[in-house]
There are 2 protein chains.
Amino acid sequence: MLAPDLIAKKRDGEKLSRDEIKFLIESYTANKIPDYQISAFLMAAFLNGLDTDETFWLTETMLHSGKSIKFPKNTHPVYDKHSTGGVGDKISLTLSPLMASVGYNIAMLSGRGLGHTGGTLDKLESIPGLNPFWTEAQIKKRLEKCRIAISGQTRNIAPADKKIYALRDLTGTVESIPLITASILSKKLALETDGIIFDIKVGSGAFMKTKNNARRLARSLLGVCGKFKRPAVCLLTDMSEPLGHYVGNFTEIIETIDFLKTGEPEDVKAVTFRLGYEIARLNGYTDGKKRFYDRLSEALDSREALKNFLDFVKISGGDIKMLSDPKSCHKPKAGGKLTADKTGYIAFYDTELIGKASLVLGAGRLKIEDKIDPMAGIYICKELGRKIKKGETLFKLFGSNRKAVAEAKTMLSRSYKITKERFASPRKIITLVEK
Amino acid sequence: MLAPDLIAKKRDGEKLSRDEIKFLIESYTANKIPDYQISAFLMAAFLNGLDTDETFWLTETMLHSGKSIKFPKNTHPVYDKHSTGGVGDKISLTLSPLMASVGYNIAMLSGRGLGHTGGTLDKLESIPGLNPFWTEAQIKKRLEKCRIAISGQTRNIAPADKKIYALRDLTGTVESIPLITASILSKKLALETDGIIFDIKVGSGAFMKTKNNARRLARSLLGVCGKFKRPAVCLLTDMSEPLGHYVGNFTEIIETIDFLKTGEPEDVKAVTFRLGYEIARLNGYTDGKKRFYDRLSEALDSREALKNFLDFVKISGGDIKMLSDPKSCHKPKAGGKLTADKTGYIAFYDTELIGKASLVLGAGRLKIEDKIDPMAGIYICKELGRKIKKGETLFKLFGSNRKAVAEAKTMLSRSYKITKERFASPRKIITLVEK
């Protein structure tokens, strides 16, 4: 087999065989095929597509380039939740302790934030002392102990994906449904969980800006999961505004604690509860949504979910004293606020721009080596559809220095629209996509 | 400007600006953009196309990456002929001395053969002593002296093309009309001739297998030449069988001498004369084809064309004694023949396969560093449409060793079809494409 022939085959819109895909990816991972051939292949795949078989074979080869983690018997049922990334998306942190309270273990390998979306690892690391990088043995042992395992990706998970993703990022081949599918699943399938629930974000703050594209990704993910016989469902949820009021890192820990104490804010609750319910359904639960939601509410009221979260922080080395009153520990170096420029209803948020403003404040990174300010972030006072008066505070900014705050303020001033007409707030749960 | 953004723009089918194309190609030539980004761009351009403007800008940037050669006043009119490559294509060698006889100077930068098509440089080098690599000063001086300048490409002509072509060859991005156009023209335009005639080969031995594709290339070449205000025409000529009887290097020198003495074979004459006539027309000649053909015939009969060729060989350092009776100097190390397997009319040649058989015999190279056997090649006894009897010789093989001869024989045995029905031989001149 010769790489140029396989590139030409995909270029001409033909279907590659399992062996051909294996050859390309394995040779590349072993540095036997140069970057420039794989980038040409990726562009051909981007433009001509890969069908479900090809995506399956690509996923399989990338998955088998690394190790898998099998969980001990007594840690089942264990589920994984994957979000395609959003602004203010702290659902991994709210969902896992809640589900642990009602008998479902959660295991995830999480990533850092890059660009306008946040990363669970960065949020966890904003808690002093917390080390989110666990060994395989720690993942198993800690899951057994506190029912939650959220860890940074270990080095030996899907190394082929790491290499290919870095190349895609530099060659305009990121936004391809089959390539995204293979990248996500090569890592997700490495955790041998009982099933995966995908939270596919749709809207101005998400990678998938349209419902149509989100549906295509959902079908692609479910198609390949099916070939691996891994139970899975996709929930399409709204990202036309940030989730919750807080965007950032420690700021989102504040909101996580708030939620685990009060069940608020409402949008975080809606998404967390529904994802939890879908996990239960994947596991065979048939007693209906209302009953399940009641159980989740009890776990909040009894503070058991909060206890689970604190146990998880403690086992990760984090300082839980700081979490008893996290708001008082929130000490940003610089700050500011932005007021509404007119009176009316909030009709639009450019959520990606809000994410980027948060990044400018120090809460995110443009390059993987950038340092994060754990205290930086934004507080959004009003949800979409809410009434606001001219001069009323719309955003609070927390940052590292005045210059960055000023820059973020300018960005935020362009990030919203207020209309005279009443505007209905969007539904948080858009739709469920099952096989 | 960032390379990934420009790649994504072409990926999404948008038109790049002159500055964007300049940025990509200049940065790449200066090693400021890595191979893997340009290969992704080339694949996007391959699949989404480049329009005439973009192709013009690409050509322009590649052309300006190197030097141009301006000819002295007294060497005009000077024309360039470019063939897209075929099997047995010796027209550069027959056309230039003939046109020199009737007052048209010919200057070309030629290439080596690669794959199944031969290269003029290799053919010239099969003449002992001949050095086809001329300096710029030699090109000018020798053109003045003997009206013919055929030289290997000097190092400083379109270095960007050299770099990009090498990458295209390895990334399945060769067969793209706009990329081919830019590659050809970035070199052709570097010779500041009065015009260019393109001989676009069509058929089983050509890169363009169909008339449709050849027409597209013709229109693309003429469109970009027009933007440079360089007069040009394209002649589509048949390559469904080798040109002439001989394929190889010294074997084609034999046939060139034969033609310059006798005006045969007929197909070489048809293509040579017509290309010559089109050059004259480009130069304003209006006296009609018949009159011009008569002048060319006179130049053959008077042996003036032959004398011009020998002068050109001599000025290049070649041994012209060997050319007084070249057939007697043709001494291949090994040989063989293949006879027809049935009686009938020759209905098909797989001309590319014949080219490959010639390569196996030692007349060509698969890799640029391969050595050529100047005496190797093939003699094809019968043209398409001719009657042949079972057992009659169809191919004579000249090679370096028996094993290669046996391998080439097997290839040639699959390279033709004989039918019972009478088969009309194809017309050599398919069509003329003008602006």
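Residues numbered from 1 in each chain as written. Chains lettered and ligands numbered in written order. Predicted model: local features only at pLDDT ≥ 70, side-chain atom pairs only at ≥ 80, totals over all residues. Heavy atoms only, no water.

### Description of the overall build of chain A
1) Next: A tally of helices and strands in chain A yields 17 helices and 13 strands.
2) Next: Here the C-alpha atoms of chain A give a radius of gyration of 22 Å, agreeing with the 22 Å that 2.2 N^0.38 yields for 435 residues.
3) Next: Referenced to the eigenvectors of the C-alpha coordinate spread, the extents of chain A come out at roughly 65 × 45 × 40 Å.
4) Next: The proportion of buried residues among the 435 residues of chain A is 57%.
5) Next: For chain A, the proportion of contacts with a sequence separation of at least 24, taken over those separated by at least 6, is 78%.
6) Next: Here chain A contributes 71 positive and 51 negative side-chain charges, whose respective centroids are spaced 3 Å apart. (Helix = DSSP H or I, 4+ residues; strand = E, 2+ residues; numbered from the N terminus. Rg over C-alpha atoms; globule rule 2.2 N^0.38 Å. Buried < 20%, exposed > 50% of the residue type's maximum accessible area, 1.4 Å probe, protein only. Contact = heavy atoms within 4.5 Å. Lys, Arg positive; Asp, Glu negative; His and termini not counted. Charge placed at Lys NZ, Arg CZ, Asp CG, Glu CD.)

### Considering unusual backbone geometry
All names here are of chain A.
1) Next: Between His76 and the following residue, Pro77, the backbone shows a cis peptide bond with an omega angle of -5°.
2) Next: Position of Pro77 relative to the elements: it lies in the loop between helix H4 (52–64) and strand E1 (78–83).
3) Next: Positive phi, normally seen in glycine, also occurs at Arg147, with a value near 65°.

### With respect to the relation of the copies chain A and chain B
1) Next: Overlay of chain A on chain B (RMSD 0.1 Å): rotation 180°, translation along the axis 0.1 Å. Taken together, the turn and the small shift mark the pair as related by a two-fold rotation axis. Within chain A, A:Tyr36 has its C-alpha nearest the rotation axis, a separation of 1.8 Å.
2) Next: Mapped onto chain B, 100% of the interface residues of chain A are again interface residues, and the two copies thus contact each other with one and the same surface. (Least-squares fit on C-alpha atoms with pLDDT ≥ 70 in both.)

### Things to note about the packing of helix H16 (residues 351–363) of chain A against helix H17 (residues 402–413) of chain A
All names here are of chain A.
1) Next: Taken N-terminus to C-terminus, the directions of H16 and H17 make an angle of 175°; their axes are 8 Å apart at the nearest point. The angle between H16 and H17 places the two elements in the roughly antiparallel class. Counting all contacts with H16, which are made through Leu353, Ile354, Lys356, Ala357, Val360 and Leu361, the residues of H17 involved are Ala404, Val405, Glu407, Ala408, Met411 and Leu412.
2) Next: A breakdown of the residues in the contact of H16 with H17 according to their chemical character gives 10 nonpolar, no polar and two charged. (Axes fitted to C-alpha atoms, helices over the stretch in contact; angles between N-to-C directions. Parallel < 35°, antiparallel > 145°, perpendicular 65-115°, else oblique. Nonpolar A, V, L, I, M, F, W, Y, C, P; charged D, E, K, R; others polar.)

### So, the environment of A:Leu300
All names here are of chain A.
1) Next: Along the chain, Leu300 turns up in helix H13 (residues 289–301).
2) Next: Judged by relative accessible area, which is 4%, Leu300 ranks as buried.
3) Next: Through-space distance from the C-alpha of Leu300 to that of Leu260 is 5.8 Å; in sequence the pair is 40 residues apart.
4) Next: With residues up to four places along the chain from it excluded, the contact list for Leu300 reads Leu98, Phe259, Leu260, Gly263, Phe273 and Ala305.

### With respect to the sheet that holds strand E12 (residues 416–419) of chain A
Residue and element names in this part refer to chain A.
1) Next: An order of E10-E8-E12 is seen for the three strands of this open sheet, with the pairing classed as antiparallel. Two strands in the sheet have a free side with no partner beyond their single neighbour: strand E10 (387–388) and E12.
2) Next: Across two bridges, the pairing between strand E8 (residues 344–349) and E10 is antiparallel. In the sheet register, Gly344 faces E10, and the bridge partner there is Ile388. (Pairing = 2+ DSSP bridges.)

### A look at the interface of chain A and chain B
1) Next: Chain A puts 19 residues into the contact, and the matching count from chain B is 19 residues.
2) Next: For the pair chain A and chain B, the two sides together bury roughly 1600 Å², of which 69% comes from carbon and sulfur.
3) Next: One can count two salt bridges joining chain A with chain B.
4) Next: A salt bridge links B:Arg11 to A:Glu175, with the nearest nitrogen and oxygen atoms 3.2 Å apart. (Buried area = accessible area lost by both parts, 1.4 Å probe. Salt bridge = Lys/Arg side-chain N within 4 Å of Asp/Glu carboxyl O.)

### Here's the deal with the packing of aromatic side chains
1) Next: For the coordinates displayed, the defined rule picks out 24 aromatic pairs over all chains.
2) Next: For the ring pair A:Tyr277 and A:Phe292, a centre distance of 6.1 Å and an interplane angle of 50° mean the geometry is tilted. Here A:Phe292 lies in helix H13 and A:Tyr277 lies in helix H12 (residues 266–282), a separation of 15 residues in the sequence.
3) Next: Grouped by ring-pair contacts, the aromatic residues A:Tyr104, A:Phe273, A:Tyr277, A:Tyr285, A:Phe292 and A:Tyr293 constitute a single cluster.
4) Next: Taking the ring centre of B:Trp134 as reference, the NZ or CZ of B:Arg142 above it sits at 4.7 Å. (Phe/Tyr/Trp six-rings, centres within 6.5 Å; stacked < 30°, edge-to-face > 60°. Lys NZ or Arg CZ within 6 Å of the ring centre and 35° of its normal.)

### Things to note about the pattern of salt bridges
Residue and element names in this part refer to chain B.
1) Next: Throughout the structure, instances matching the rule amount to 64 salt bridges over all chains.
2) Next: For Asp12, the salt bridge goes to Arg11, with nearest N and O atoms at 3.0 Å.
3) Next: Notably, a salt bridge pairs Lys382 with Glu392, separated by 3.1 Å at the nearest N-O pair. On the criterion of sequence distance, the pair formed by Lys382 in the loop between strand E9 (377–380) and strand E10 (387–388) and Glu392 in the loop between E10 and strand E11 (393–399) is long-range, its members being 10 residues apart.

### Some thoughts on the pairing of strand E2 (residues 105–110) of chain A
All names here are of chain A.
1) Next: The buried fraction of E2 amounts to six of the six residues, a majority that puts the element mostly inside the structure.
2) Next: Because side chains alternate across E2, one face comprises the buried residues Asn105, Ala107 and Leu109, and the other comprises Ile106, Met108 and Ser110, equally buried.
3) Next: The sheet contact formed by E1 and E2 spans two bridges and is parallel. Opposite Tyr79, over in E2, you have Ile106 as the bridge partner.
4) Next: As a crossover connection, the stretch from E1 through helix H5 (residues 91–101) into E2 is right-handed.
5) Next: Judged from the five bridges that link them, E2 and strand E3 (residues 148–152) form a sheet pairing that is parallel. Bridge pairing in E3 links Ser110 to Gly152. (Right-handed = clockwise from strand over helix to strand, strands pointing away.)

### What about the side chain of B:Asp161?
1) Next: As for its position among the elements, B:Asp161 is in helix H8 (residues 159–170).
2) Next: Ignoring any residue separated from it by four or fewer positions in sequence, one finds B:Asp161 in contact with B:Met62, B:Ser183, B:Ser186 and B:Lys187.

### With respect to helix H3 (residues 35–48) of chain A
Residues and elements named next belong to chain A.
1) Next: The first and last C-alpha atoms of H3 sit 20 Å apart over 14 residues, in line with the 20 Å expected at 1.5 Å per residue.
2) Next: A large share of H3 lies buried, amounting to 11 of its 14 residues.
3) Next: Gly49 occupies a position one or two residues after H3 and carries a positive phi of about 80°. (Expected span 1.5 Å × (residues − 1).)

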